[in-house]
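# Residue-level structural notes
This is what each chain is made of:
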Amino acid sequence: MTNKPIQRDEFIWEIPPTGRMRVPAIIYADAGLIGQMDDKVFEQAANVASLPGIVKAAYAMPDAHWGYGFPIGGVAAFDADADGVVSAGGVGFDISCGVRTLHTGLMLDDLEPLRERLADTLFQIIPAGLGSTGTLRLQEDAMDEMLANGAVWAVKQGYGHKQDLLCIEEAGHMAGADPDAVSAQAKRRQRDEMGTLGSGNHYLEVQEVVELFDREAASAFGLKQGDILVSIHCGSRGLGHQIGTEFLRQMAVTASQHGIQLSDRELACAPLRSEVGKRYLGAMRAGINCALANRQILTHLARRAFERVLPQAGLELLYDVSHNTCKLESHLIDGEERDVYIHRKGATRAFGPDHPALPETYRRVGQPVLIGGSMGTASYILCGTREGEERSFSSACHGAGRAMSRRAASKHWHGRKVVDDLAGQGILIRSASLRGVAEEAPGAYKDVSAVVDVSERAGLARKVARLRPLICIKG
C-alpha cells in the first residue's frame, strides 16, 4: 500500500514509520513538485526506510522520481556496526554518473562567430550515442590500472594535467577499488568505451553564465556574468551497468541467508561486512574510477576540439562531482560523529563550508554542486551549506528529474522538430539519434528552476549561478 507523505512545513514532507519502516522517509519538495511525484516515489522511499542499519531517515530530493529499488533522488545512510547494508539499486546502474564543469576564459562575443564550427567539431571529436566507442582500446593490465586509479591514471596517460586532479571529487581517485571484483564481462563492455558520452541524458554542453546569485561564492568559483563554460555529464558506461546487473542478482539470491526480508526484490542488498557486500563495494569503487577516468578523457577531447576552433580557450576545471555513489563518510548524528555509508542515487554530494575534503580555494564557501538541466533549459551551479549536513547528509538534487518516461516522450515529440525549435532559440543540438533527442525533449522533465529553488529554500544548497545552453552534444 502506498504511503502518503504528511506536510511538516513548506518544503518538508514526511512518511512516519509504519509496518517494517525503521525510520521515517523525508521528501524535500514544495506543493507543486510533490504533486508531480508518482506515488511510487513514496512507496520506494518507505521501502528504503525499512532496510537494516539505516540511520535517521530515508531522504528524497526535490527532483525525485521512480527508479529501480531506490527512487532516483534518493539518499540513505547505513551503519556497518548496526548490521547496515549496501544496495546496488541504491547506487544505480550508471555508477558515478556525474557532471564536470570547465572554464573556457571566453565570452559570448568570442564564441558567436564560430559557434556552428565549434558545434560540428565537438560532435566530430566526442564519441556519442548508444554503443558509441572511442579510439582508445584498453588491454587487461591497462583496464585494471584504470579501475584502480581513475582520473589519476588518465592524467598519467596524457589526458589532461595534474592540476585537474585538485578539483575532482576524491582528487580523481576512489580509494578501495578492487578491479578483481569486476567481472570479465564488465571489463569487455568497457574495453572500447573509454572517452565516450553514451546515450540517454548524457551530454557535453557549452553554456553561458547569465545570472549570479551569490557573489562571494561566484568569485571563489571563478565565475563572472557572461562567462562561457563547458559541462560534461556522463558516467561509467557499460562497465557500471554490468556491475549493477550482476550484483543485484547476487544480492537478491543471498539476502535471505542474512535474514533480510525485502519489501521489493529491486531493493536487493547485502550486509556491508558480508562477502557479497565487500565485493560490491570494491567493484562499485572501481566503477567510480572508471567514470572519473572517462570524464577526464572527454575533457582532453573537448580541449582538442577547442584548440582547433578557439585556441585561446583555457578549459580549466571548475569541479567534477558524481551523483550515483555509495561512500563511507563521517557525519554528525544525534550529536556524535559516526562513520556511515551514504547512498546517493541521483543526488549530489554537497559538503558545506570548511569541509576538509574540499579544495582549499572552495573551502571557505562550500562545495560546488553542479546541476544539469534538461536539454535546452537552464543548468545551475550551487554550493553546499552547513545546514545540509543535518538535513540530508550533505546531499542536494542532481537535475530536473523526469516528468515523463522516455517511451512516452518519443511518442509525444519528434526529434527533428525539437532540434529545429531549439535552434530557433539559439541552441545548437548535435546528436547521433533523433529518437534520443525526442526522448530527452525539455518537456519530458520537471522545471529545473523550481527544483533548484526548493533545494535552496530547504537549506540543502545555495544558488550561485544560472547557465543557459548554447551548444549541446547528445548521444
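Here the structure is shown first, and the text comes after it.
Residues numbered from 1 in each chain as written. Predicted model: local features only at pLDDT ≥ 70, side-chain atom pairs only at ≥ 80, totals over all residues. Heavy atoms only, no water.

### Remarks on the packing of aromatic side chains
All told, the structure shown has 7 aromatic pairs when counted by the stated rule. Geometrically, the ring pair formed by Y68 and F93 is edge-to-face, given 5.4 Å between the ring centres and 75° between the ring planes. Of this pair, Y68 sits in the loop between β4 (54–65) and β5 (72–78) while F93 is found in the loop between β6 (85–87) and β7 (98–107), placing the two residues 25 residues apart along the sequence. By relative accessible area, F93 is classed as partly exposed at 24%. Pairing F247 with Y280 gives two aromatic rings, centres 5.4 Å apart and planes at 65°, and the pair type is edge-to-face. On the criterion of sequence distance, the pair formed by F247 in helix α8 (residues 237–254) and Y280 in helix α9 (residues 275–309) is long-range, its members being 33 residues apart. Neither residue differs from the other here; F247 and Y280 are each classed as buried. Ring pairs connect the aromatic residues Y28, Y59 and F393, which therefore count as one cluster. A cation over a ring is seen here: K56 above F393, with NZ or CZ 5.2 Å from the ring centre. Over the ring of F213 we find K463, and its NZ or CZ is 4.4 Å from the ring centre. (Phe/Tyr/Trp six-rings, centres within 6.5 Å; stacked < 30°, edge-to-face > 60°. Helix = DSSP H or I, 4+ residues; strand = E, 2+ residues; numbered from the N terminus. Buried < 20%, exposed > 50% of the residue type's maximum accessible area, 1.4 Å probe, protein only. Lys NZ or Arg CZ within 6 Å of the ring centre and 35° of its normal.)

### Brief notes about the side chain of K474
Position of K474 relative to the elements: it lies in strand β19 (residues 461–474). Among the polar contacts listed, one links the side chain of K474 to the backbone oxygen of G200, at a separation of 3.3 Å. (Polar contact = N/O pair within 3.5 Å; in protein donor to acceptor, adjacent residues only side chain to side chain.)

### Section: the packing of helix α4 (residues 115–125) against α9
Taken N-terminus to C-terminus, the directions of α4 and α9 make an angle of 145°; their axes are 9 Å apart at the nearest point. Crossing hand, α4 versus α9: right-handed. In this structure, α4 uses R117, L118, T121, L122, Q124 and I125 to contact α9, whose residues at the interface are L301, A302, R304, A305, F306, R308 and V309. The residue inventory of the contact of α4 with α9, partitioned by class, reads 8 nonpolar, 2 polar and 3 charged. (Axes fitted to C-alpha atoms, helices over the stretch in contact; angles between N-to-C directions. Left-handed = near helix turned anticlockwise from the far one by under 90°. Contact = heavy atoms within 4.5 Å. Nonpolar A, V, L, I, M, F, W, Y, C, P; charged D, E, K, R; others polar.)

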